[in-house]
Every structure is written in structure tokens, then in C-alpha cells.
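So the chains spell out like this:
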Amino acid sequence: MTDDLWLLAEPLLPALGFRRQGGGTAPVDERKVFTAVVYVLMSECPWRQLPPRFDVSPATAHRRFTAWTRADLWRSLQARAEEQLSSFRERRWVAAIADAARERAMSGAAT
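Residues numbered from 1 in each chain as written. Predicted model: local features only at pLDDT ≥ 70, side-chain atom pairs only at ≥ 80, totals over all residues. Heavy atoms only, no water.

Peer 1: So what's going on with the nonpolar core? Which residues, and what values?
Peer 2: If you look at the biggest cluster of nonpolar residues, it comprises 30 residues, and the most contacted ones within it are Phe34, Val37, Leu41, Trp68 and Trp74. Secondary-structure elements contributing two or more residues to this core are α1 (3-9), α2 (30-43), α3 (58-70), α4 (73-84) and α5 (88-106). Contact partners of Phe34, with chain neighbours within four places excluded, come to Met1, Leu5, Trp6, Ala9, Leu13, Trp68, Leu73, Trp74 and Leu77. (Core = buried A, V, L, I, M, F, W, Y, C linked by side-chain atoms within 4.5 Å. Buried < 20%, exposed > 50% of the residue type's maximum accessible area, 1.4 Å probe, protein only. Helix = DSSP H or I, 4+ residues; strand = E, 2+ residues; numbered from the N terminus. Contact = heavy atoms within 4.5 Å.)

In C-alpha cells:
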């Protein structure tokens, strides 16, 4: 993922809520999670087949995707890209990510 895309997305990510399951692990770097989610969206691979090289569990990636979808991140990201990115190619890349997220969410994979 490019630095420009990350700078665009980072301020739009909703704050993480407290999880009451107890114990748990240290928080995962949000950029790593965002990159993993974008990979799943663009490759159309199942969450459970997220490659280990992302250093993010499939459950974490799916949980964040669901939270971000509920927070309307994908629409906000696309709108912000239209306002702030000068490159047509970069704006199309963000639009493709947003479209893939909407498709996956509508297919029921976000819940």
C-alpha cells in the first residue's frame, strides 16, 4: 500500500472499542490490518486464506473490515480521494477498493 493511500485512510479509521474477552493480544498495527483487508478485497480471497506475510490474523482482518464497513469507511475514503488525490489512477484505485468492499459487504461476508 502506498503512503498516499495510508495518509488518506488513516484519519478515517474509527477508534477501536474495548473487547471484553479478557487476555487477548497486543493491538495490531492499523496499517498492517488495512493493507491485509485491501489485499483480501482486491484478490477476492476468503478471509481464512489471508497469507501469513501480512502478520494479521484472518479474524482480526475480518473484524476490522466489518467495523469499518459499519462506520461507512469505504464511502468516506472514496469521497476523500476525489477531493484530495490529483492522480486519476490513484482515484480509480481507491474507487476499486471501495467497490470491492461494498460488494463483499452486500454478499453477506461482512457479518
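Peer 1: Any chance you could break down the confidence of the model for the protein for me, citing the residues and the numbers?
Peer 2: When the pLDDT values of the protein are averaged, the result is 88; 87% of them are 70 or greater. Within the protein, α2 carries the highest mean pLDDT (96), whereas α5 carries the lowest (91). (pLDDT = per-residue confidence, 0-100.)

Peer 1: Break down the pattern of salt bridges for me, citing the residues and quoting the values.
Peer 2: Tallying each qualifying case throughout the model produces six salt bridges. The salt bridge involving Arg75 is made with Asp72; its shortest N-O contact spans 2.6 Å. (Salt bridge = Lys/Arg side-chain N within 4 Å of Asp/Glu carboxyl O.)

Peer 1: Help me get a handle on α3, residues and values and all.
Peer 2: Taking 1.5 Å as the rise per residue, α3 with 13 residues should run 18 Å; its terminal C-alpha atoms sit 18 Å apart, in good agreement. Among all positions in α3, only Thr60, Ala61, Arg64, Phe65, Thr66 and Trp68 are buried. Phi turns positive, to about 60°, at Asp72, one or two residues after α3. (Expected span 1.5 Å × (residues − 1).)

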